[in-house]
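# Structure at a glance
Read off the chains here:
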Amino acid sequence: MIPEITREQLDRLSLERGRPLLVLDADEVLVYFLRHFRVFLDARGWELDLTTYRLDAALKHRGEGRTATREEGLAFIDRFFAEETPQQEAIPGAAEAVARMAERAQVVVLTNLPHHARAARVGNLARHGLAYPVVSNSGGKGPVLAALAERTVAPVVFVDDSKAQIDSAAKHAASVRRLQLIGCDYAAPALPRSEQAERTALNWDEAAPWIRAALDG
């Protein structure tokens, strides 16, 4: 259930068994994605219609008025990450909040993006003061979180903007604490909320106190 390339990264990851672990998504948690993706599409004659969060159904051609096919949508996403990952902007407050948490916890970034863009993501996050280990993944994050939780006897906290990923965590790694953080005001109205999240936050000021308490057990 864990992609082989992701498993290889996990095998190289050095973790302290008795220290709390904070696992963070990147897009809309640490860096902006959708509002940057909207600009990327606009320059190519497409619009992003967030009445639905299914990206393959949310891309509209400005001239032709048609919706992108799933193949076109996935190709745009892949191209975005190939070209734009180094320029993604940081979510306000993320670097400062995570730095304070890193004083008491281990931090890992678990991000779903094309594996070829992992190095660019590492560099982009580091430039924003977020120089933490990065694990690239595809599909549900729950099995990866379960594997990480097996390597620690301390609290594990997972933060993601995606309902699907929060739900995956609840299904496969029930002991992991779960917070749904949607750090992009443009994305927030369109993103479905997860009933499996213990808390939902729209910025780091709201998220940080809950995460600190969860890390303390």
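Residues numbered from 1 in each chain as written. Predicted model: local features only at pLDDT ≥ 70, side-chain atom pairs only at ≥ 80, totals over all residues. Heavy atoms only, no water.

A complete count under the given rule lists 14 salt bridges for this structure. Its salt-bridge partner being Lys-141, residue Asp-25 comes within 3.0 Å of it at the nearest N-O pair. With Asp-25 in the loop between strand E1 (21-24) and helix H2 (34-42) and Lys-141 in the loop between strand E5 (134-137) and helix H7 (142-149), the pair connects residues that are 116 residues apart, well separated along the chain. Overall, the relative accessible area of 1% leaves Lys-141 in the buried class. For the salt bridge of Arg-104 with Asp-216, the shortest nitrogen-to-oxygen distance reads 2.9 Å. Here Arg-104, found in the loop between helix H5 (94-101) and strand E4 (106-112), pairs with Asp-216, found in the segment after helix H9 (204-215); they are 112 residues apart in sequence, far enough to count as distant. Look at Asp-216 and you get exposed, because its relative accessible area is 55%. Here the salt bridges share partners, and the residues they tie into one network are Asp-25, Lys-141 and Asp-160. (Salt bridge = Lys/Arg side-chain N within 4 Å of Asp/Glu carboxyl O. Helix = DSSP H or I, 4+ residues; strand = E, 2+ residues; numbered from the N terminus. Buried < 20%, exposed > 50% of the residue type's maximum accessible area, 1.4 Å probe, protein only.)

Right, let's talk about the nonpolar core for a bit. Membership of the largest hydrophobic core comes to 56 residues, with the highest contact counts inside it found for Leu-30, Phe-37, Leu-59, Trp-204 and Ile-211. For this core, the element with the most residues is H9, which contributes seven residues. Residues Leu-21, Leu-110, Val-135 and Ala-149 belong to the second largest nonpolar core, which totals 20 residues. (Core = buried A, V, L, I, M, F, W, Y, C linked by side-chain atoms within 4.5 Å.)

What follows is about the sheet that holds strand E7 (residues 177-181). Sheets are built from strands paired through backbone hydrogen bonds, the pairs being either parallel or antiparallel. Across the sheet, six strands lie side by side as E5-E4-E1-E6-E7-E8; this open sheet has parallel pairing. Of all strands in the sheet, those with a lone pairing partner are E5 and strand E8 (199-201), marking the two edges. Neighbour to neighbour, the strand axes of the sheet diverge by 20° on average, direction disregarded. Pairing analysis gives four bridges linking E1 to E4, with the strands arranged parallel. The residue of E4 that forms the bridge with Val-23 is Val-108. (Pairing = 2+ DSSP bridges. Axes fitted to C-alpha atoms, helices over the stretch in contact; angles between N-to-C directions.)

With that out of the way, let us pick up the environment of Leu-179. Along the chain, Leu-179 falls in strand E7. Among the residues examined, Leu-179 registers a relative accessible area of 0% and is labelled buried. It is 17 Å that separates the C-alpha atoms of Leu-179 and Ala-95, two residues lying 84 residues apart in sequence. With sequence-adjacent residues up to four places away left out, Leu-179 is seen in contact with Phe-158, Val-159, Asp-160, Ile-166, Arg-199, Ala-201, Ala-207, Trp-210 and Ile-211. (Contact = heavy atoms within 4.5 Å.)

It is worth spelling out unusual backbone geometry at this point. Backbone geometry places Glu-28, a non-glycine residue, at a positive phi of 70°. With respect to the helices, strands and loops of the structure, Glu-28 is situated in the loop between E1 and H2.

Split into domains, the chain comes out as domain 1 (4-32 + 88-216) and domain 2 (34-85). Each of domain 1 and domain 2 has a C-alpha centre, and the two are 25 Å apart. Between domain 1 and domain 2, the contact holds 20 residues from the first and 13 residues from the second. Together domain 1 and domain 2 conceal approximately 1400 Å² of surface at their shared face, both sides included; 61% is due to carbon and sulfur atoms. One can count one salt bridge joining domain 1 with domain 2. A salt bridge links Glu-89 to Arg-35, with the nearest nitrogen and oxygen atoms 3.8 Å apart. The tally of links between domain 1 and domain 2 comes to five residue pairs in polar contact (both at pLDDT 80 or more). Across the side of domain 1 that touches domain 2, the residue classes break down as 11 nonpolar, three polar and six charged. (Domains from an automatic or database assignment. Buried area = accessible area lost by both parts, 1.4 Å probe. Polar contact = N/O pair within 3.5 Å; in protein donor to acceptor, adjacent residues only side chain to side chain. Nonpolar A, V, L, I, M, F, W, Y, C, P; charged D, E, K, R; others polar.)

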